[in-house]
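Geometric and topological summary
Listed below, chain by chain, are the residues.
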Protein chains: 2
Amino acid sequence: MSTVIFEIEGRESVKIDALPGENLLEVARRADVTVDAPCSGNGSCGKCRMQLREGSVESLRSHHISEEEWENGWRLCCCSKVMGDARIFVPDTASLLRFRMKTADLSSGREQEIFARLKQNLMDSGLSFTNGFKAVNLCMAEPSLEDTVPDNERLTDAIRECLGVQQVEIPYPVMQKLAKILREQNFHVCAKGLLAKNRFCCLDLCAAEDQRMVGCAIDIGTTTVSMVLIDLTAGEILAKGSCGNAQIRYGADVINRIIEQGKPGGRERLQEALIEQTLNPLLSGLCGEIGIQPECILRITVAANTTMNHLLLGVDAQSVRMEPYIPSFFSWGGVTAQELRLRANPLAEIRIAPNIGSYVGGDITAGTMACGIWDREEMSLMIDLGTNGEIVFGNREFLISCACSAGPAFEGGEISCGMRAVDGAIESCRMDPQTMEPIVRVIGNGRAAGICGSGIIDLIAELFRCGIISAKGKFIREGERIRTDSYGMPYYVIAQKEQSASGREIFINEVDIDNFIRAKGAIFSAVDTLLRAVEMPMDMIDRVYVAGGIGSGINMENAVRIGMFPDLRPDQFSYIGNSSLTGAYAMTVSDAAEEKCREIAAGMTYLELSTCPGYMDSFVAACFLPHTDSRMFTGMAQEEF
Amino acid sequence: MSTVIFEIEGRESVKIDALPGENLLEVARRADVTVDAPCSGNGSCGKCRMQLREGSVESLRSHHISEEEWENGWRLCCCSKVMGDARIFVPDTASLLRFRMKTADLSSGREQEIFARLKQNLMDSGLSFTNGFKAVNLCMAEPSLEDTVPDNERLTDAIRECLGVQQVEIPYPVMQKLAKILREQNFHVCAKGLLAKNRFCCLDLCAAEDQRMVGCAIDIGTTTVSMVLIDLTAGEILAKGSCGNAQIRYGADVINRIIEQGKPGGRERLQEALIEQTLNPLLSGLCGEIGIQPECILRITVAANTTMNHLLLGVDAQSVRMEPYIPSFFSWGGVTAQELRLRANPLAEIRIAPNIGSYVGGDITAGTMACGIWDREEMSLMIDLGTNGEIVFGNREFLISCACSAGPAFEGGEISCGMRAVDGAIESCRMDPQTMEPIVRVIGNGRAAGICGSGIIDLIAELFRCGIISAKGKFIREGERIRTDSYGMPYYVIAQKEQSASGREIFINEVDIDNFIRAKGAIFSAVDTLLRAVEMPMDMIDRVYVAGGIGSGINMENAVRIGMFPDLRPDQFSYIGNSSLTGAYAMTVSDAAEEKCREIAAGMTYLELSTCPGYMDSFVAACFLPHTDSRMFTGMAQEEF
């Protein structure tokens, strides 16, 4: 037995026993050391870097580790085996995972504005922002030998009288605290609950002054989880936050997660990672921020992809992955916070935005509802760039959707220096065609730590415009910023060691460019195939909504120039941020919005690309800058920058 | 720190650390050693006998321990303190607590006959024995690329078609197993659930051949818990069992339990003792006996006193005990097996027989329903002899009830050699007036281990008839069988050491007789006060139903002779066994019976004896053999035996 000590940057060290030959990533997971391993440990992403400080491990070489770094003990955790006692330094990627996301937390001015506009649109579309939640103050007579009505009847009578309803339901959790709270508050309490027709279901009893009723909207992404707490009466947002999905340790994409949940105890592990390690800490944090008890949260709405919905419920997702791709449910309700052990009122209903297909989930339904394309005459395209890419096209007459495996490149995955759109990410760049020197903008204005999706789009567009790379993404110029690593792989340095937050160069190499081109090709060919399916040319698209975690810094022109989006005018594009979260917000406070989501999901056609003839050809043709068929990019793509 | 080793008869020893001065009963409880301590550790019951085999404890003397026993190391556990390391022998009272109860398990011919008659009566009264449970076999098409309906819709459609209903509910626990069971069974399954109007709520999915739907009826007594499993379709009883209520370690009566649950963590401890340590083992045992999975149990009905109902739900019972005696609820429903962590189908509804007052509970409602007095012209009296005594009087026009603190004497509590009506109990006796030699009948026909309620009635009646004790219960004759203990207390030996199962004499002393006289006095004066309240003389009573754990061996004439029951003809009395359990059985299989219980509870008047003028006088007058007012016992009580 060997002893491995993980020295975690900025935190206490962790010591654990390990077997010689044991994979170091497995050891780290056992020790509960957070490791960013989006590729699920196959050595391809290069994110799980650690530094051997003492002792020995046996590691495979990787192009993600330079010669100099190797000399200094840097290794990929997933490609290393324990060989004896070891002391290993773990850089603080965990805190990066916990960073506030620019796109998701709605804290920047731009996001708030986007959010407010979407909400206004929904109200303009006639969706009333009302719900059945009701808080009533009750003043009951104290019991005496002459008035021996038991507590539950006393409460029921008081609610009946106050609200003029016939039926009053007092569920078990309320019954459990009934005697105590009535006596503590001298029979003067506030009853919170749902009023529907002639019936009041009491969800909580509090002190009379505590009338606050809070809802929670959550966007559960494969990579990132975003949450807002909402005043259910006023509709106002009380707190916002986001964090990484702790399931990441079981794989970066839904396929790996599904495989993992199929192993013995897997469903429980994945559910626990999501609920105990992701959602509950976030819930606690936000409740603490605004000083409320979790019991105040009376409804939770979840917008998530089909797989995440299954994993959240601990429902087997195996069949989502295997032909004929049949999930357990598209639309389903009937679970409470208590059943999922979510830190909220035990009776809080979990509203799940209905799924459309195995790979187009409730997040897209909620997003579609939020951006309002179901109410317009004009033909709209919505592109949601998450860990996967999902496309919706249509108008008030029809809606069709599909998903493509774009991979995690838009969120910085599978890119050497890629990162999410958080503080430290290069979110845009321009380049001098002569000197090849870049001018970058970094989120938070500090030193650069990596490049996020919008930055990569700019970088590739600029490298291409300046003739530094070819239409196939190969380096074709030489210069001070263009270097070659020890494997002979050329790369472009966008930030020198001295300018970077980590002290390492920030760069993009040919593998990164290739990964990104395949990701953008997947998006474009999905759009192409979807429009062919409805027999409409690209120029029928009136408007494009871009949603997701790519970052609000996205430059639409550049995205068109690299052939990622169809060749339309810049004013036809809108970045709508996290529209899934906006949709979940609406579903939380508005019963009409929830109803609308069901309508949208039930009415939307789902196109399974993998069984769609022509998709592969379209994809291959799109893996080019901007496209093999240059006639598809004759407008904006050809204009002078 | 001292080490205490408990050597438990017939089981493995238990070793535990204890602080010097720590109470030995507390230490035993910490070590999970089952100790019968009905008096809750105040030294009065003498049941917690243990033998010090090595080391030392400091103990108080007690009249429950003879001089000779003291010399041999016998001590009362609750009156002993740890003084250092000790090795202590614990007699196997635990297995006694687990004995099958003669009165409750319906296994004797007499009980079955009583049960069948009560059921027939209910049907004669027009209560239909039907319910909404339904099991349907479904054969669904397997999904394909052409038929991509998700699992829950596929199931819903199949149920709709099969049953012709509109709404189908698939709750969370069914959703969780849906994908797995459909595929394991090749989409050919049995759906079990509740059908009501246009709606089917699916409670379970099984293999097509498994159509069994089982209900469970439980009588939760303060001392004893009895349970039957029932086929919900045929109404047939599948298994029966009973055991001691493991809450006994927290006190013998409801008052001590309420005090205990008021301590920090008390509600959880009491609930766990009842659910985890009493009901779940019993459920597992009975399921195993008939070879079913606990998931087959789709409904559980509980008949229990008001306090037990509160403790079962973990609802604070403090206010039951304190003026103005207001419980949290009389009638309430809406909890599932899953919420109580009962070992049954998670969705099984828990039906709770509605309570009538703080000290007349759902067990009495169920019993009243079962014995059918609500449907008759004749005036009936029902007397339920449990740890408390409850009385119901009335007919189809009116019903009135009250409770009296008779104490545990009828179940053998507070009687030196008292025990419950299980194997080994002396259940009846006759005595030769000359020789004073007894002839006894022992349950199970083995050696006597103690005396149960019916045996004590006979014994006292015979001692009185033979002039051995006075009307005040004092010994007034001398003889070989009448002895005096080391405290000068006279006692009568009913079984010599050689004849007894334990090797100890079985006897009754003046304290026992006094305890029993006060218990019977409480019952008689309650009846007396109840009839005065409705201004009816005793001879208005047409019929007396005696229910409860006193034992089917009860001799009604003797009970009248000692002044326990009103002075009526023998043919006016019926022993109806555990009528609460019969009632719970009916409520489980019959929706009409449940409805009738609600009607009975809502319509019954509750008389609070403690605030009733005249009750104390009546009680004092009744503490005499048969009564201070001999005019009340001129009939049967005076007849020759």
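Being a predicted model, the structure only gives us computed values, none of them experimental. Each chain has its residues counted from 1, following the order in which its sequence is written. For naming, the first written chain is A and the first written ligand is 1, with later ones following in the order written. In keeping with the predicted nature of the model, local features appear solely for residues at pLDDT of at least 70, side-chain atom pairs appear and are counted solely at 80 or more, and the whole-chain, interface and lining totals rest on all residues. Side-chain numbers come from the whole structure's heavy atoms, not from hydrogens or water.

Labels follow the DSSP assignment, with helices taken as runs of H or I lasting at least four residues and strands as runs of E lasting at least two, numbered in each case from the N terminus. Secondary structure assignment for chain A yields 18 helices and 26 strands. In this treatment the radius of gyration is a C-alpha quantity, and the globule benchmark scales as 2.2 Å times the residue count to the 0.38 power. Against the compact-globule benchmark of 26 Å for 641 residues, chain A has a radius of gyration of 26 Å, which places it among compact chains. Viewed in the frame of its principal axes, chain A has a C-alpha envelope of about 95 × 65 × 45 Å. Residue burial is assigned from relative accessible area. The probe radius is 1.4 Å, only protein chains are included, and a residue is buried under 20% of its type maximum, exposed over 50%, and partly exposed in between. Across the 641 residues in chain A, those meeting the buried criterion constitute 63%. Here, two residues are considered to be in contact whenever any of their heavy atoms come within 4.5 Å of each other. For chain A, contacts bridging at least 24 residues in sequence account for 68% of all contacts bridging at least 6. To be clear on the numbers: accessible area is Shrake-Rupley with a 1.4 Å probe, and residue cover counts the displayed protein chains and nothing else. Carbon and sulfur atoms form 48% of the exposed surface of chain A, whose accessible area is close to 23,600 Å². Looking at charge distribution, chain A has the averaged site of its 61 positive side-chain charges lying 2 Å from that of its 85 negative ones. In this charge count, Lys and Arg are treated as positive and Asp and Glu as negative; neither His nor the chain ends contribute. By convention, the charge on Lys lies at NZ, on Arg at CZ, on Asp at CG and on Glu at CD.

Turning to the relation of the copies chain B and chain A, a few remarks are in order. These two copies of the chain differ by a rotation about an axis and a displacement along the same axis. C-alpha atoms of residues with pLDDT of at least 70 in both copies form the basis for the least-squares superposition of the copies. If you rotate chain B by 180° and push it 0.2 Å along the axis, it lands on chain A with an RMSD of 0.1 Å. Considering both components of the superposition, the chain copies are consistent with a two-fold axis. Every residue of chain B has its C-alpha some distance from the rotation axis, and the shortest such distance is that of Glu339(B), at 4.6 Å. Comparing contact sets, 100% of the residues at the interface of chain B also lie at the interface in chain A, consistent with an isologous, same-surface contact.

Turning to the pattern of salt bridges, a few remarks are in order. A side chain with one charge can pair with a side chain of the opposite charge if their charged atoms come near. We count a salt bridge whenever a side-chain nitrogen from Lys or Arg sits within 4 Å of a carboxyl oxygen from Asp or Glu. Taken as a whole, this structure holds 72 salt bridges over all chains when the rule is applied. A salt bridge links Glu67(A) to Arg61(A), with the shortest nitrogen-to-oxygen separation between them at 3.2 Å. A residue is classified by how much of its surface remains accessible, and Glu67(A), at 39% relative accessible area, is partly exposed. Notably, a salt bridge pairs Glu22(B) with Arg30(B), separated by 2.9 Å at the nearest N-O pair. The exposure class assigned to Glu22(B) is buried, which follows from its relative accessible area of 17%. For Arg30(B), a relative accessible area of 44% corresponds to the partly exposed category. Connected through shared salt-bridge partners, Arg299(A), Glu349(A), Arg351(A), Asp591(A), Glu594(A) and Arg598(A) make up one network.

Another aspect to go through is unusual backbone geometry. In this chain, Glu323(A) is followed by Pro324(A) through a cis amide linkage whose omega measures 5°. Mapping Pro324(A) onto the fold places it in the loop between helix H10 (318-321) and helix H11 (337-340). A positive phi angle, close to 65°, is found at Met436(B), a residue other than glycine. Assignment of secondary structure puts Met436(B) in the loop between strand S18 (425-431) and strand S19 (438-442).

On to the pairing of strand S15 (residues 380-385) of chain B. Residues and elements named next belong to chain B. With respect to burial, S15 is a largely interior element, six of its six residues being buried. Side chains Ser380, Met382 and Asp384 of S15 all project onto a buried face; the interleaved residues Leu381, Ile383 and Leu385 project onto the opposite face, where all are buried too. Examined bridge by bridge, S15 and strand S16 (residues 389-394) share six bridges and lie antiparallel to one another. Its bridge partner lying in S16, Asp384 is registered against Glu390. Taking the residues that link successive antiparallel strands as the turn, the S15-S16 hairpin has three residues. In this description, strands pair whenever DSSP reports at least two bridges between them. Relative to strand S24 (residues 543-548), S15 runs parallel, the two being bridged by six bridges. Looking at the pairing, Asp384 lines up with Ala547 of S24.

It is worth spelling out the packing of aromatic side chains at this point. For Phe, Tyr and Trp, rings pair up if their centres lie within 6.5 Å, where Trp contributes its six-membered ring, and each pair is then called stacked (planes under 30 degrees apart), edge-to-face (over 60) or tilted (otherwise). What the rule picks out here adds up to 18 aromatic pairs over all chains. Ring geometry for Phe524(A) against Phe633(A): centres 5.2 Å apart, planes inclined by 45°, an arrangement best described as tilted. In this pair, Phe524(A) is assigned in helix H14 (residues 510-533) and Phe633(A) in the segment after helix H18 (615-622), connecting sequence segments 109 residues apart. Since its relative accessible area comes to 1%, Phe524(A) is described here as buried. Residue class for Phe633(A) comes out buried when judged on its relative accessible area of 1%. With 6.3 Å between their ring centres and 55° between their planes, Phe329(B) and Trp332(B) make a pair best called tilted. Owing to a relative accessible area of 0%, Phe329(B) belongs among the buried residues under this scheme. Exposure remark for Trp332(B): the relative accessible area of 6% places this residue in the buried category. Every member of this aromatic cluster is reached through a ring pair, and the members are Tyr172(A), Phe329(B) and Trp332(B). Here the guanidinium or amino end of Arg61(A) rests over the ring plane of Trp70(A), the centre of that ring lying 4.2 Å away. By definition, being over a ring means that NZ of Lys or CZ of Arg is both within 6 Å of the ring centre and within 35 degrees of the ring normal. Sitting over the ring of Trp74(B), Arg49(B) keeps its end group 5.1 Å from the ring centre.

On to helix H5 (residues 151-163) of chain B, then. All names here are of chain B. Expected helix span is computed as 1.5 Å times (number of residues minus one). Here H5 is 13 residues long and its end C-alpha atoms lie 18 Å apart, about the 18 Å a rise of 1.5 Å per residue gives. For H5, the full list of buried residues reads Asp151, Asn152, Arg154, Leu155, Thr156, Ala158, Ile159 and Leu163. The inward-facing, buried residues of H5 abut strand S6 (133-139), strand S7 (167-169), helix H6 (172-184), strand S8 (188-196) and strand S9 (199-207). One or two residues past the end of H5 sits Gly164, with phi positive at roughly 65°.

At the junction of the two partners, chain B supplies 41 residues and chain A supplies 41 residues. The contact between chain B and chain A buries some 3,100 Å² in all, and 60% of this surface belongs to carbon and sulfur atoms. Here chain B and chain A share zero salt bridges between them. Side-chain atoms alone can form a polar contact between residues adjacent in sequence; in general such a contact is a pair of N or O atoms within 3.5 Å, and within protein one must be able to donate a hydrogen while the other accepts it. The interface formed by chain B and chain A includes 17 residue pairs in polar contact (both at pLDDT 80 or more). Secondary structure elements with two or more residues in the side of chain B that touches chain A: H5, H6, helix H8 (266-290) and helix H11 (337-340) of chain B. At seven residues, the largest contribution of residues to the side of chain B that touches chain A is made by H6(B). Class assignment for the residues of the side of chain B that touches chain A results in 22 nonpolar, 11 polar and eight charged. Values labelled buried area give the accessible surface lost by two parts on being combined, using a 1.4 Å probe and summing over both. Asp, Glu, Lys and Arg are counted as charged, while Ala, Val, Leu, Ile, Met, Phe, Trp, Tyr, Cys and Pro are counted as nonpolar; the rest, among them Gly, fall into the polar class.

The next subject is the sheet that holds S19(B). All names here are of chain B. Here three strands make up an open sheet; going across it, the order is S19-S18-S20 and the pairing mixed. Each of the sheet's edge strands pairs with one partner strand only, and the pair in question is S19 and strand S20 (450-451). Summarising the sheet, S18 and S20 pair through two bridges and their orientation is parallel. Considered in S20, the bridge of Ala425 is made with Gly450.

All names here are of chain A. Ordered by their spatial adjacency, three strands build an open sheet running S19-S18-S20, and the pairing between neighbours is mixed. Looking at strand neighbours, the two that pair on one side only are strand S19 (438-442) and strand S20 (450-451), the edges of this open sheet. Interaxial angle, 0 to 180 degrees, is taken between N-to-C directions of lines fitted to C-alpha atoms, where a helix line uses only the stretch in contact. Contacting strand S18 (425-431) and S20, helix H13 (residues 453-465) crosses the sheet at an angle of about 20° to S18.

To continue, consider helix H7 (residues 254-261) of chain A. Residues and elements named next belong to chain A. Considered for burial, the residues of H7 that qualify are Val254, Arg257, Ile258, Glu260 and Gln261. Looking straight down H7, one finds that the buried residues subtend no more than 160° of arc, so they occupy a single side. Those residues of H7 that are buried are in contact with helix H8 (266-290), helix H9 (306-313) and H10. The arc under discussion is defined with respect to the helix axis, by the directions toward the C-beta atoms.

Residues and elements named next belong to chain A. The predictor reports its confidence for every residue as pLDDT, a score running from 0 up to 100. Counting all residues, the mean pLDDT for chain A is 90, and 95% of those residues have values of 70 or more. This model gives residues 94-105 a pLDDT under 50, and the stretch forms 39 contacts once residues within four places in sequence are excluded. Predicted as a complex, the structure gets a pTM of 0.84 and an ipTM equal to 0.84.

Residues and elements named next belong to chain B. Taken across its eight residues, strand S11 (residues 224-231) has eight buried, putting it largely inside the fold. Every second residue of S11 is oriented toward a common face, with Thr224, Ser226, Val228 and Ile230 on one face and Val225, Met227, Leu229 and Asp231 on the other, all of them buried. In textbook terms, the turn of a hairpin is the stretch between consecutive antiparallel strands, and for strand S10 (residues 214-220) and S11 this stretch comprises three residues. The loop that links S11 with its antiparallel partner strand S12 (residues 237-244) comprises five residues; one of these, Gly235, has a positive phi angle of about 80°.

Once that is clear, we can look at the state of the cysteines. All names here are of chain B. Pairs of cysteine sulfur atoms within 2.5 Å are what we label disulfides. All told, the structure shown has zero disulfides over all chains when counted by the stated rule. Cysteine Cys190 shares no disulfide, and the gap to the nearest cysteine sulfur, in Cys206, comes to 5.5 Å. Cys190 sits in the buried class, given a relative accessible area of 0%. No disulfide involves Cys296; its nearest neighbouring cysteine sulfur is the one of Cys206, lying 6.0 Å away.

The set of buried Ala, Val, Leu, Ile, Met, Phe, Trp, Tyr and Cys residues whose side-chain atoms join them within 4.5 Å is what this entry labels a nonpolar core. Ranked by internal contacts, the top residues of the largest apolar core, which has 377 residues, are Leu229(A), Phe565(A), Leu229(B) and Phe565(B). In this structure Leu229(B) touches Val214(B), Gly215(B), Cys216(B), Glu236(B), Ile237(B), Leu238(B), Ala239(B), Leu286(B), Cys287(B), Ile290(B), Ile292(B) and Ile297(B), once residues within four positions along its chain are discounted.

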